[in-house]
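# Examining the three-dimensional arrangement
This is what each chain is made of:
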Amino acid sequence: MRGTAKLWDAASPALGLEPSDPMEDRAHISPDKFFADRFNVTPSLMERLIGSNLVGRVDDADIYLEYRVNEELVLEENVVKKASRHVSQGAGVRALSETRTGYAHTDDISIGNLEEAARQARAIADRASTSGTLAVAGRGRAHDLYTLSEPPLVTALDRKLTLLRKLDTAARAADPRVSQVIASLSSEEVVMLIATASGWTIGDVRPLTRLNVTVIAEENGKREIGSWGGGGRVPFDYFLEEQRWERFAAEAARQAILKLRAIDAPAGSMTVVLGPGWPGILLHEAIGHGLEGDFNRKGVSAFAGRLGQKVASELVTVVDDGTMPNRRGSLNVDDEGTPTGRTVLIENGVLTGYMQDRLNSRLMKMAATGNGRRESYAHPPMPRMTNTFMLAGQDEPGDILRSVERGLYAVAFGGGQVDITSGKFVFSASEAYLIENGKVTAPVKGATLIGNGPDALTRVSRVGHDLKLDEGVGTCGKEGQSVPVGVGLPTIRIDGMTVGGTQV
Amino acid sequence: MSAQGDRSGLLVDVLKRAQARGATAADGFLIEEQHFTASVRLGQVDTVKHSRDQRLSLRVFAGRASAAASTSDLSRESLERVVDEATALARVTAEDPHAGLPDPGELIGAVPDLQLEDTTGNEPAPEAKIELARQAEAAALGSDRRIANSEGAEYWDRRARYAYATSQGFARGYATSAFGLSVSPVASENGEMQRDYWYTAARHRAQLEAPDSIGRTAARRALRRLGARKVKTIEVPVIFDPDTAATLVRAVAGAVSGPSLYRRASFLLDRLGKRIAAPAVTIVDDGLMPRALGSRPFDGEGLATRRTVVVGEGVLESYLLDSYSARKLGLRSTHHASRDGSGVGVSTTNLMLQPGPASPEELIRSVTNGFYVTELIGFGINGVTGDFSKGAAGLWIENGQLTYPVAEVTVAGNLLEMLNAIEGIANDLVLRDRTVSPTVLIGRMVVAGD
């Protein structure tokens with residue numbers, strides 16, 4: 001549906017996977033060389049193609065090449081159920097004039113196909129009377145946020161399978177009520193190369209991995225589900241460090257067992273305390289999408305025209321930062337070749353910035369912020385979040401809980417969704433408790449929380465000093481395109497939010 | 001495009017290679033697609049997209065162990081690599097007594113012509129397609145002065161060719177087309193903005209509803225949301241309009257699909273043959289309806305599509321199974337295998353809650369104080385327990401009449417209780433999507449607001 005956007009925990013019960021690509025030394029791939037060797041497409045050839053087909057006829061243009069390998073391993077009932085490997089490759093050519101975008105892509109990367117794609121893209125954006133001025137891409141230095149000595153994709157299969165088996169054993173050992181365990185590991189690598197009309201060519205090699213455990217617990221005919229996971233642009237060994245995998249298994253089992261005795265969630269407006277980390281999904285839904293450039297240029301965001309206005313309590317400062325090393329939402333350059341940055345969206349409660357891609361920054365006469373992202377070569381870029389979080393405050397988390405007489409304490413969430421135009425957003429708690437007289441008491445069943453974006457953050461009355469980023473699980477969907485993102489939050493108190501339980 | 005084309009030959013070659021590399025059996029699915037999408041905003045072209053995609057998905061067996069691989073690169077070198085990798089991978093996965101291809105005797109014989117492809121020819125020029133989007137948006141913008149902005153209108157079309165083959169020599173294919181048009185107008189008044197949406201989609205171009213009617217409906221839906229307010233938290237009867245009621249039907253399908261069941265992750269576990277809903281509830285999955293969006297002649301394992309009564313007069317009559325989940329559960333496949341890059345799963349075809357006798361107006365008139373839901377947002381369904389809690393928008397019902405718009409509330413309950421509390425099903429079923437429902441009245445649910 002247009003006009004809404006979603007974020008969810010990427011724990012897809014994975015299906016399929018397989019062995020490492022025999023490709024050269026992947027740790028030090030040069031994207032230029034990769035596409036030249038494999039497809040005979042070089043940066044100078046891409047620039048020539050743009051020059052002869054697009055320059056002088058459109059306002060901006062680019063050619064994006066992508067090669068993606070994804071491996072998925074799934075263990076169920078302590079045996080490998082799915083092992084799969086997926087390869088996708090292609091090129092997208094974009095031509096922009098004023099507000100018009102022409103886009104064509106092909107999954108057969110060759111000069112002939114690129115020229116055909118350029119002709120198709122140009123057809124719609126062509127203006128014979130163009131001034132010939134081309135947008136200047138935001139040059140700058142690409143970051144170096146995730147060069148890995150051993151990318152997750154190349155790690156030996158037997159090491160991965162051994163870890164999945166250990167996860168299964170650990171989750172079962174956690175409690176006799178655990179009846180099913182699904183452990184999955186996905187590993188991906190994307191090699192991209194982009195050439196823009198201003199003669200700027202840049203590439204990136206992006207590793208990404210994700211480990212997840214889902215547990216079903218049963219007791220007296222009742223069943224519940226618990227899930228935990230994490231990852232990022234990190235090597236496989238990340239999961240072995242700091243006892244991460246043990247923690248993932250223990251948390252998934254604990255959550256499922258806890259929910260077996262959860263009582264009905266309350267219904268109605270009440271004080272809500274959000275725990276640190278993944279509950280930052282609140283920011284993603286309540287304000288994040290509403291501050292993306294496209295919705296504001298079109299005047300269809302609940303935040304349109306509100307730069308400089310107070311939209312949150314003065315305790316609230318929110319940033320979007322694509323430059324954090326090894327994070328799931330980070331990028332050295334965005335999918336338009338602009339280096340990512342740190343954009344302050346809300347400073348002490350005042351709206352200070354939007355997230356921009358090249359098209360919308362040009363039309364709004366603002367700077368591109370490195371937020372132009374796309375799901376793959378098959379999609380034109382648009383403004384998207386990277387890692388979005390609230391800065392830490394002063395309060396002791398325990399004091400925040402003690403300050404609440406009656407309310408809900410939510411620490412884990414499934415997913416959320418927002419209607420960007422009306423500002424109404426929801427996010428669904430998967431682990432929550434009642435707060436009674438300042439104490440965390442009974443666990444309650446999952447419930448959806450609903451609020452109004454421009455209003456929700458004005459109700460933030462306490463902000464903890466315990467900022468945490470999520471474990472690396474988020475996938476954001478907008479207009480049919482999914483991209484990996486991060487969120488983060490310290491413990492916060494919100495005075496008055498509607499909790500969608502069943503206990504009236 | 002021909003129904004089978006030249007590509008099933010390529011598929012057969014790939015499967016032969018897999019056997020030569022040591023696979024004991026293999027099957028493959030090849031999808032080739034062409035898309036066109038054009039969006040218009042405020043009368044101006046916004047984005048035009050052309051694309052051509054292909055993907056070959058392969059499943060190989062080494063005895064009872066299996067692995068999957070897929071690629072969009074159909075060059076010989078790439079296909080050879082994919083086969084080798086998948087075959088090698090199958091050797092590291094564990095033996096699974098339930099893994100394997102369907103029995104060859106069960107595979108489809110002749111492929112029925114379900115008229116899934118528009119073969120009338122005369123492909124309109126891109127400008128004519130863009131004009132449809134322009135007309136739809138103009139109808140929305142022109143219908144009321146409060147519709148002054150828009151997120152745009154979109155026209156899309158898609159042609160696809162599917163081929164399926166097994167290493168036992170089976171090879172069949174079919175072709176489809178699909179067309180769609182949607183509009184997202186924004187209504188505003190007194191500083192409030194509300195967006196809504198309407199669409200049409202069909203297998204044949206001539207089946208598309210008129211752009212004017214789509215635009216006017218979208219505008220009406222956005223306008224009726226203006227002035228929305230929260231309500232006090234209350235337990236009341238809730239009516240789901242056809243679009244939102246389809247969410248409930250989808251949730252039932254998810255809970256009776258094979259993978260949810262063998263993982264014991266379903267609130268409908270062990271309910272086969274038992275009552276799970278009010279007697280008025282009959283849910284049918286029919287993949288053989290000519291020209292319908294969800295139809296397909298055979299499933300992702302080459303088994304002939306059929307009509308399945310999932311729920312008959314409130315009783316759970318059938319699960320939705322592929323070969324693997326069926327063997328695992330000691331049952332037979334219901335021919336609902338789906339195929340995507342990552343392997344074989346389960347999907348529905350045309351899934352419908354069957355209509356009842358009342359008109360939607362009669363259902364509304366039967367409610368003294370209640371909530372008519374027109375939009376559900378968020379995740380909020382726990383498939384293991386059936387717990388349901390979603391963000392909602394709609395209209396409040398007072399004394400049998402729709403009154404003021406409502407937003408920023410949730411509706412919550414438990415799906416099993418909700419299915420049993422269905423007190424009315426209207427006669428307004430229209431097969432405008434893959435999963436559809438008439439208007440549904442549920443006796444009591446909790447609406448949370450202030």
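Definitions and cut-offs
- Residues numbered from 1 in each chain as written.
- Chains lettered and ligands numbered in written order.
- Predicted model: local features only at pLDDT ≥ 70, side-chain atom pairs only at ≥ 80, totals over all residues.
- Domains from an automatic or database assignment.
- Helix = DSSP H or I, 4+ residues; strand = E, 2+ residues; numbered from the N terminus.
- Nonpolar A, V, L, I, M, F, W, Y, C, P; charged D, E, K, R; others polar.
- Expected span 1.5 Å × (residues − 1).
- Buried ≥ 20, exposed ≤ 12 C-beta atoms within 10 Å, placed from the backbone.
- Contact = placed C-beta atoms within 7 Å.
- Pairing = 2+ DSSP bridges.
- pLDDT = per-residue confidence, 0-100.
- Axes fitted to C-alpha atoms, helices over the stretch in contact; angles between N-to-C directions.
- Parallel < 35°, antiparallel > 145°, perpendicular 65-115°, else oblique.
- Left-handed = near helix turned anticlockwise from the far one by under 90°.
- Core = buried A, V, L, I, M, F, W, Y, C linked by C-beta atoms within 7 Å.

### Looking at the domain arrangement of chain A
Residues and elements named next belong to chain A.
- Under the domain assignment used here, chain A contains domain 1 (4-260) and domain 2 (267-500).
- For domain 1 versus domain 2, the separation of C-alpha centres amounts to 23 Å.
- Listing elements by their share of the side of domain 1 that touches domain 2, those giving two or more residues are β1 (4-9), β2 (60-76), β3 (79-97), β4 (100-106), β5 (178-196), β6 (201-219), β7 (222-232) and α5 (244-260).
- Taken together, the residues that form the side of domain 1 that touches domain 2 break down as 20 nonpolar, 16 polar and 13 charged.

### Quick look at helix α5 (residues 242-255) of chain B
- Look at α5(B): 20 Å from first C-alpha to last across 14 residues, which is about the 20 Å you get at 1.5 Å a residue.
- Among all positions in α5(B), only Pro242(B), Thr244(B), Ala245(B), Ala246(B), Leu248(B), Val249(B), Val252(B), Ala253(B) and Ala255(B) are buried.

### So, the interface of chain B and chain A
- With 66 residues of chain B in contact, the opposing surface of chain A contributes 73 residues.
- At 11 residues, the largest contribution of residues to the side of chain B that touches chain A is made by strand β2 (residues 44-62) of chain B.
- In terms of residue class, the side of chain B that touches chain A is built from 22 nonpolar, 27 polar and 17 charged.
- Alignment of β3(A) against strand β3 (residues 65-71) of chain B, held across 4 bridges, turns out to be parallel. Looking at the pairing, Arg85(A) lines up with Ala69(B) of β3(B).

### So, the sheet that holds strand β11 (residues 315-316) of chain B
Residues and elements named next belong to chain B.
- The 5 strands are arranged β11-β10-β9-β14-β19 in an open sheet whose pairing can be described as mixed. Of all the strands in the sheet, the pair left with one neighbour each is β11 and β19 (435-436).
- One ladder, built from 2 bridges, connects strand β14 (residues 351-353) with β19; its direction is parallel. When the bridges of β19 are listed, Leu 351 appears paired with Thr 435.

### Considering the confidence of the model for chain A
Residues and elements named next belong to chain A.
- In this model, chain A carries an average pLDDT of 90, and 92% of its residues clear a pLDDT of 70 or more.
- Overall, residues 11-27 carries pLDDT values under 50, and its contacts beyond four positions in sequence, including any with other chains, amount to 59 contacts.
- Here residues 128-137 scores under 50 on pLDDT; set against residues more than four positions off or in separate chains, the count is 21 contacts.

### Some thoughts on the packing of helix α1 (residues 7-20) of chain B against helix α2 (residues 76-92) of chain B
Residues and elements named next belong to chain B.
- The interhelical angle for the contact between α1 and α2, taken along N-to-C directions, is 45 degrees, at an axis separation of 9 Å. Taken together, the axis directions place α1 and α2 in an arrangement best described as oblique. By crossing handedness, the relation of α1 to α2 is classed as right-handed. Contact residues: Val 14, Arg 17 and Ala 18 in α1; Leu 79, Glu 80, Val 83 and Thr 87 in α2.
- Looking at the contact of α1 with α2 residue by residue, the class counts come to 4 nonpolar, 1 polar and 2 charged.

### So, α2(B)
- Along its 17 residues, α2(B) runs 25 Å from first to last C-alpha, staying within 8% of the 24 Å computed at 1.5 Å per residue.
- Those residues of α2(B) not exposed but buried are Val82(B), Val83(B), Glu85(B), Ala86(B), Thr87(B), Leu89(B) and Ala90(B).
- The inward-facing, buried residues of α2(B) abut β3 of chain A together with α1, β2 and β3 of chain B.

### Here's the deal with unusual backbone geometry
- In this structure, Glu479(A) takes a positive phi of about 45 degrees despite not being glycine.
- Topologically, Glu479(A) is positioned in the loop between β21 (474-478) and β22 (481-489).
- Positive phi values are uncommon outside glycine, yet Asp270(B) reaches one of about 60 degrees.
- Of note, Asp270(B) is situated in the loop between α6 (258-262) and β9 (283-286).

### Comments concerning the pairing of strand β1 (residues 25-41) of chain B
Residue and element names in this part refer to chain B.
- Both β1 and β2 contribute to a ladder of 17 bridges, which runs antiparallel. Directly across from Leu 30, in β2, lies its bridge partner Leu 56.
- Linking β1 to β2, which pair antiparallel, is a turn of 2 residues; within it Leu 42 sits at a positive phi near 50 degrees.
- Bridge analysis of β1 against strand β4 (residues 147-166) gives 14 bridges, and the strand direction is antiparallel. Bridge pairing in β4 places Gly 28 opposite Ala 165.

### Here's the deal with the nonpolar core
Residue and element names in this part refer to chain A.
- Counting residues in each nonpolar core, the largest one holds 271 residues, and the members touching the most others are Ile 63 and Ala 171.
- Ranked by residue count, the leading element in this core is β5, at 10 residues.
- For Ile 63, the residues in contact, after removing those within four places along its chain, are Met 46, Leu 49, Ile 50, Ala 91, Val 93, Leu 114, Ile 194 and Ala 195.

### A word on the packing of helix α3 (residues 126-142) of chain B against helix α4 (residues 211-223) of chain B
Residue and element names in this part refer to chain B.
- It is at 7 Å that the axes of α3 and α4 come closest, and there the two elements cross at 40 degrees. It follows from the interaxial angle that α3 and α4 lie oblique. Crossing handedness for the pair α3 and α4: right-handed. For the pair formed by α3 and α4, the contact residues are Leu 132, Gln 135, Ala 136, Glu 137, Ala 138, Ala 139 and Ala 140 on the first element and Pro 211, Asp 212, Ile 214, Gly 215, Arg 216, Ala 218 and Ala 219 on the second.
- Its residues assigned to classes, the contact of α3 with α4 comprises 9 nonpolar, 2 polar and 3 charged.

### Side note on the confidence of the model for chain B
- Overall, the prediction assigns chain B a mean pLDDT of 94, with 98% of residues at 70 or greater.
- Reported confidence for the predicted complex is 0.92 by ipTM and 0.93 by pTM.

### Quick look at the domain arrangement of chain B
All names here are of chain B.
- Split into domains, chain B comes out as domain 1 (7-106), domain 2 (234-247 + 356-448) and domain 3 (249-353).
- Each of domain 2 and domain 3 was reduced to a C-alpha centroid, and the two centroids are 23 Å apart.
- Residue-level contacts link 23 residues of domain 2 with 22 residues of domain 3.
- Those elements giving two or more residues to the side of domain 2 that touches domain 3 turn out to be α5, α9 (415-420), β18 (422-425) and β19.
- Sort the elements by how many residues they give to the side of domain 2 that touches domain 3 and α9 lands first, with 4 residues.
- Looking at the side of domain 2 that touches domain 3, its residues break down into 13 nonpolar, 8 polar and 2 charged.

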